[in-house]
Amino acid sequence: MKILIIGGVAAGTKAAAKLKRENRDLDITIIAKDGDISYAGCGLPYYIGGFIKDRSSLIVNTPQKYAAMTGVSVLTNVEAITVDNNNHTVIAKNLITNEEASYAYDKLIIATGASPITPPIEGVKKQGVFSLRLPNDAVNIRDYVTNNQVKKAVIVGGGFIGLEVAENLLAQKVDVTVIDFAPQIMPNVIDPEIASYVQKHLQKHGIRVLTGVAAQEVLGDDKVSALKTSAGELSADLVILSVGIRPNTAFLNDTGMEMFKGTILVNEQLQTNLPDIYAIGDCAMVSNRMTHSTQWSPMGSSANLESRLLAQILNNTPKNYPGVLGTGIVKLPELNCARTGLSEKVARDAGYDVETVMAVVDDKAHYYPDASSFITKLIVDKSTHKILGFQALGSGAVDKMVDIAVTAISLDATIEQCECMDFCYAPPFSTAIHPFVQTIHIMQNKLSNKLISITPAEYLAGKAKDYRVIDAGLAPSIRGAKYVDLAKVNAPIEGIGKDEKLLLVCAKGKRAYFLQNRLRHLGYTNTLSLEGGLFFNDVKVKTTSKLTPEEIKAVKALGFLQDKNTEDKFNGRVITRNGKITAQESKVIAEAADKFGSGEITMTSRLTVEIQGVPYDNIEPLREYLMQNAGLETGGTGSKVRPVVSCKGTTCQYGLIDTFALSEEIHQRFYKGYRDVKLPHKFKIAVGGCPNNCVKPNLNDIGIIGQRVPQIDYAKCHGCKICQPMNRCPMKTLNVVDKKITIDEKHCNHCGLCVNKCPFHCFDNYTDGYRVYIGGRWGKRVKEGQPLSKIFTSKEEVLAIVEKAILLFREQGITGERFSDTIDRLGFANVEAQLLADDLLSRKQENLKAQKHLVGGATC
């Protein structure tokens, strides 16, 4: 039997290999449009991020290796043009020779996959605009990021691929914005409240996310410079289009093939409406395993399963494809997100009697190092108790959690059948009652009314607006709420009526449930427990009570310092990178000050913008407004690398270096890149464009000053009585001795004012560079830093010195002391020798992983 397969990658190659293993006598040919027939498409984002080093690692099999291993004939760079079902032939064109040929078949498998959709907006052909589908796409994107020193990227599309690319560009120190036209990220994948949580998490980790925003035009001359959107212009050196994919099935339009929106409709045997033709992978429309309605599942996992099953069917094994559950997972910065089965809305629309529960459970024994939590959403049918869907978030193995749910759904299991599942337990791996089973137990309590709760979605919709909030945490944590200590509740609580509506809130939900159990026993009739607790929900209570020191300290870490003239108002520091902000950013800051603060703005000495008079309850809304509308963050406090300060550099008549470009790179690499690195004290960096020292670089922990070192051509010196360069020297370090110019190198500050001032051209040559000062400080004990002996001539050298200084301070500084104190204690010569060597960089990872300086010395 002659089997022809159109398309390779996951579906085509898997089907061919399995067919050959089932029956070595089969005559099988693959024709593929691309030169690569088997590559790791799902690994492409990780090549961009540098986690996969070489392109060769993405290639699963070359055509030659695959053909030799399987016995399948492989023809690459051959594109199918049409299918003649009556004559059982496919007409295809060789893309190298442009010659057409006819290929006969007894059975035809279409596995042509899908291609990225290019949105119909102007400018998508400009340099710096990419889609991601093939290995060369990933190679081109990574090369473009490196060769063009990309600083800002906009990703159009907040699905799995778009978010994976965002994480990997962030790993390359690129400032990333994700936009999506839908009202949430990962639309039709996860439920809205979970998407909202993920969006906030991404923004906390430096990825700006804008939903409900449409791309309109790519701006720039030849290269992209910005993306025009319905929310305004977003500056960008790189734009990634990830708005979805379209099946590669246009060649079938006139064949009588039954299709839906470009996908090929197939039955349980993966057969099309045309005899002897089958379809698998991203081009095929299969069915949902639960509802049996059609469902498109363009996933590598689905493609492989469909291919293997079809190979058995074509070898006369009586099997049916059961359909898909839509299982998927995405890795994000310090958060994994996975799902399977039906979402809450889809389940309701399908006619199920739906109940959901949101649970926050430990992912392993709480006392074990690196223990964290899972956020789980379980969706079941009330009448049958069968599991309909499951979604999970966490820094750990959410795939394991969701895979258990996949197993339960596939076996048509009820929650009762999962109640006592005997999973592996040891502290490094799990909890004694597995976190999946704990979620099952919480659902059982809810279905039996032992737990009367409100979901996060219901809370956001205002279902508890008339309820009094009761703080049931281990310690008071909700400002304005009445705190109830669970351990002391043995009788009715004074001041709380038994018929009063009470919303019980704790950290994760467990203590709220325990408190509800006790209160119901004591006769309280109107209690609701908030699922997910404060871990998932943002609970606010209107109050006039005085702020606690802990609350003041917590917002100080976010860049909000209390106005001492008030009880609850703060001045919030908006990070401007280097004192330079755009007109749009300035507009958003002004709007935020008017909307959430007093309407007044000040500049700090560190060139941050301070929004004045922000009430405590407005802090989070203000931060969200700044991030959403301008990608701006607040901060700049604590024992960490502080935002860099810069003068105007080459935009000033005396400027010698581009301070904005250098300080922007320092900001990205060390303020943002080292955001989680605790130091003994604050670490301040300043960049000056010339020795005028307008921003006082030498009064910072590390200061960088632009230099212009004259290279005197003594042969051209005429020993003039009136020397023009000498007259221009503000430091009086030039003198004519024995009719030759001399320079006092010890006192020359390399300001460059002498350059090009000699009429005989002996001062025409110079070297631009950087002088680095270490150990300066402002404040109560002002101290000028000392310059390193070397004048650095490249930006890379300076960036390395900055990083080594930070690493030295973290490794050898004592908690609470300033960098200048560390230098005094170790000795300047010792510190300089370490900074000019590379040993600190070789110990970098060990240094950063060490549990040091958990409480630093900075007070603001």
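Residues numbered from 1 in each chain as written. Predicted model: local features only at pLDDT ≥ 70, side-chain atom pairs only at ≥ 80, totals over all residues. Heavy atoms only, no water.

**Points about the overall build of the chain**
And then number 1: A tally of helices and strands in the chain yields 24 helices and 45 strands.
And then number 2: Projected onto the principal axes, the alpha-carbon positions of the chain cover approximately 105 × 90 × 45 Å.
And then number 3: In the chain, which comprises 860 residues, the share counted as buried stands at 51%.
And then number 4: At a minimum sequence separation of 6, the contacts of the chain that also span at least 24 residues come to 66%.
And then number 5: Of the roughly 38700 Å² that the chain leaves accessible, carbon and sulfur atoms contribute 50%. (Helix = DSSP H or I, 4+ residues; strand = E, 2+ residues; numbered from the N terminus. Buried < 20%, exposed > 50% of the residue type's maximum accessible area, 1.4 Å probe, protein only. Contact = heavy atoms within 4.5 Å. Areas by Shrake-Rupley, 256 points an atom, 1.4 Å probe, with all protein chains shown as cover.)

**Points about the sheet that holds strand E20 (residues 259-260)**
And then number 1: The strand order across the open sheet formed by four strands is E20-E21-E23-E24, and the pairing between neighbours is mixed. Each edge of the open sheet is held by one strand with a lone partner, namely E20 and strand E24 (294-296).
And then number 2: As paired strands, E20 and strand E21 (residues 263-265) are joined by two bridges and run antiparallel to one another. Bridging across to E21, methionine 259 finds its partner in isoleucine 264. (Pairing = 2+ DSSP bridges.)

**A word on helix H21 (residues 819-826)**
And then number 1: Those residues of H21 not exposed but buried are Phe819, Ser820, Asp821, Thr822 and Ile823.
And then number 2: Looking at the buried side of H21, the elements it contacts are strand E44 (765-774), helix H20 (795-812) and helix H22 (828-836).

**Quick notes on helix H7 (residues 300-314)**
And then number 1: Given a rise of 1.5 Å per residue, 15 residues ought to cover 21 Å, and the 21 Å separating the end C-alpha atoms of H7 matches this to within 8%.
And then number 2: Residues of H7 that are buried include every one of Ser302, Ala303, Glu306, Ser307, Leu309, Leu310, Ala311, Gln312, Ile313 and Leu314, and no others.
And then number 3: Those residues of H7 that are buried lie in contact with strand E1 (2-6), helix H1 (9-22), strand E9 (107-110), strand E22 (277-279) and strand E23 (284-287).
And then number 4: Positive phi shows up at asparagine 316, right after H7, with a value of about 70°. (Expected span 1.5 Å × (residues − 1).)

**Focus on empty space enclosed by the protein**
And then number 1: In total, this model carries three cavities of 30 Å³ or more according to the counting rule given.
And then number 2: The space that makes up the largest cavity amounts to roughly 80 Å³.
And then number 3: Lining the largest cavity are 15 residues; nearest its centre among them are Cys729, Thr733, Cys748, Cys751 and Cys754.
And then number 4: Among the residues forming the lining of the largest cavity, the class breakdown is ten nonpolar, four polar and one charged. (1 Å grid on protein atoms, 1.4 Å probe; cavity = no way out; pocket = protein on both sides within 12 Å on 5 of 7 lines; lining within 4 Å. Points joined across faces, edges and corners; volume = space filled by probe spheres on them. Nonpolar A, V, L, I, M, F, W, Y, C, P; charged D, E, K, R; others polar.)

**Let's talk about the side chain of glutamine 444**
And then number 1: Take glutamine 444: it is sitting in helix H11 (residues 435-447).
And then number 2: Taking relative accessible area as the criterion, glutamine 444 reaches 15% and is therefore assigned buried.
And then number 3: Apart from the residues within four sequence positions on either side, glutamine 444 is in contact with Ile415, Glu416 and Glu419.

**Remarks on the nonpolar core**
And then number 1: Grouped together as the largest cluster of nonpolar side chains are 50 residues, with contacts concentrated most on Val83, Val90, Leu108, Ile109 and Ile110.
And then number 2: Looking at which element gives the most residues to this core, the answer is H7, with six residues.
And then number 3: Excluding residues that lie within four positions of it along the chain, leucine 108 makes contacts with Leu4, Ile6, Val83, Val90, Asp276, Ile277 and Tyr278.
And then number 4: Of all hydrophobic cores here, the second largest spans 43 residues; its members include Phe160, Tyr197, Ile207 and Cys337. (Core = buried A, V, L, I, M, F, W, Y, C linked by side-chain atoms within 4.5 Å.)

**Things to note about the packing of helix H18 (residues 659-672) against H20**
And then number 1: As a packed pair, H18 and H20 sit with axes 11 Å apart at the nearest point and diverge in direction by 40°. Handedness of the crossing formed by H18 with H20: right-handed. Residues Leu662, Glu665, Ile666, Arg669 and Phe670 of H18 pack against Lys795, Leu799, Val802, Glu803 and Ile806 of H20.
And then number 2: Here the contact of H18 with H20 is composed, by residue class, of six nonpolar, no polar and four charged. (Axes fitted to C-alpha atoms, helices over the stretch in contact; angles between N-to-C directions. Left-handed = near helix turned anticlockwise from the far one by under 90°.)

**Remarks on the packing of aromatic side chains**
And then number 1: For the coordinates displayed, the defined rule picks out ten aromatic pairs.
And then number 2: Note on tyrosine 197 and phenylalanine 536: the rings are 5.0 Å apart at their centroids and 5° apart in plane angle, and the pair reads as stacked. Residue tyrosine 197 is found in helix H6 (residues 192-204), and its partner phenylalanine 536 is found in helix H14 (residues 533-536); the two are separated by 339 residues along the sequence.
And then number 3: The class of phenylalanine 536 is buried, set by a relative accessible area of 12%.
And then number 4: Joined through ring pairs, the aromatic side chains of Phe683, Phe809 and Phe819 make up one cluster.
And then number 5: Note that arginine 142 overlies the ring of tyrosine 47, its terminal NZ or CZ placed 3.8 Å from the centroid. (Phe/Tyr/Trp six-rings, centres within 6.5 Å; stacked < 30°, edge-to-face > 60°. Lys NZ or Arg CZ within 6 Å of the ring centre and 35° of its normal.)

**Looking at the environment of valine 687**
And then number 1: Looking at the secondary structure, you find valine 687 in strand E40 (residues 685-688).
And then number 2: For valine 687, a relative accessible area of 0% puts it in the buried group.
And then number 3: As a C-alpha pair, valine 687 and isoleucine 702 span 15 residues in sequence and 8.9 Å in three-dimensional space.
And then number 4: With residues up to four places along the chain from it excluded, the contact list for valine 687 reads Val644, Val645, Ser646, Cys647, Ile657, Thr659, Leu662, Ser663, Ile666, Val695, Pro697 and Ile704.

**Description of unusual backbone geometry**
And then number 1: Here histidine 88, not a glycine, exhibits a phi torsion of approximately 50°, which is positive.
And then number 2: Turning to its location among the elements, histidine 88 is positioned in the loop between strand E6 (78-84) and strand E7 (89-94).

**What about the sheet that holds E22?**
And then number 1: Across the sheet, five strands lie side by side as E5-E2-E1-E9-E22; this open sheet has parallel pairing. Strand pairing shows two members of the sheet lacking a second neighbour, strand E5 (73-75) and E22, which therefore form its edges. In this sheet, adjacent strand axes meet at a mean angle of 20° when their direction is disregarded.
And then number 2: One ladder, built from five bridges, connects E1 with strand E2 (residues 27-31); its direction is parallel. Along E2, the bridge assignment pairs isoleucine 5 with isoleucine 30.
And then number 3: In the packing of H1 onto the sheet, the strands contacted are E1, E2 and E9, and the crossing angle to E2 comes to about 170°.
And then number 4: Helix-sheet contacts for H7 involve E1, E9 and E22, and the interaxial angle to E9 is about 175°.

**Here we look at the environment of glutamate 306**
And then number 1: Relative to the assigned elements, glutamate 306 resides in helix H7.
And then number 2: Between the alpha carbons of glutamate 306 and arginine 675 there is a distance of 45 Å; along the sequence they are 369 residues apart.
And then number 3: Once you skip the residues sitting within four places of it in the chain, glutamate 306 turns out to touch Leu270, Ile280, Gly281, Val286 and Tyr321.

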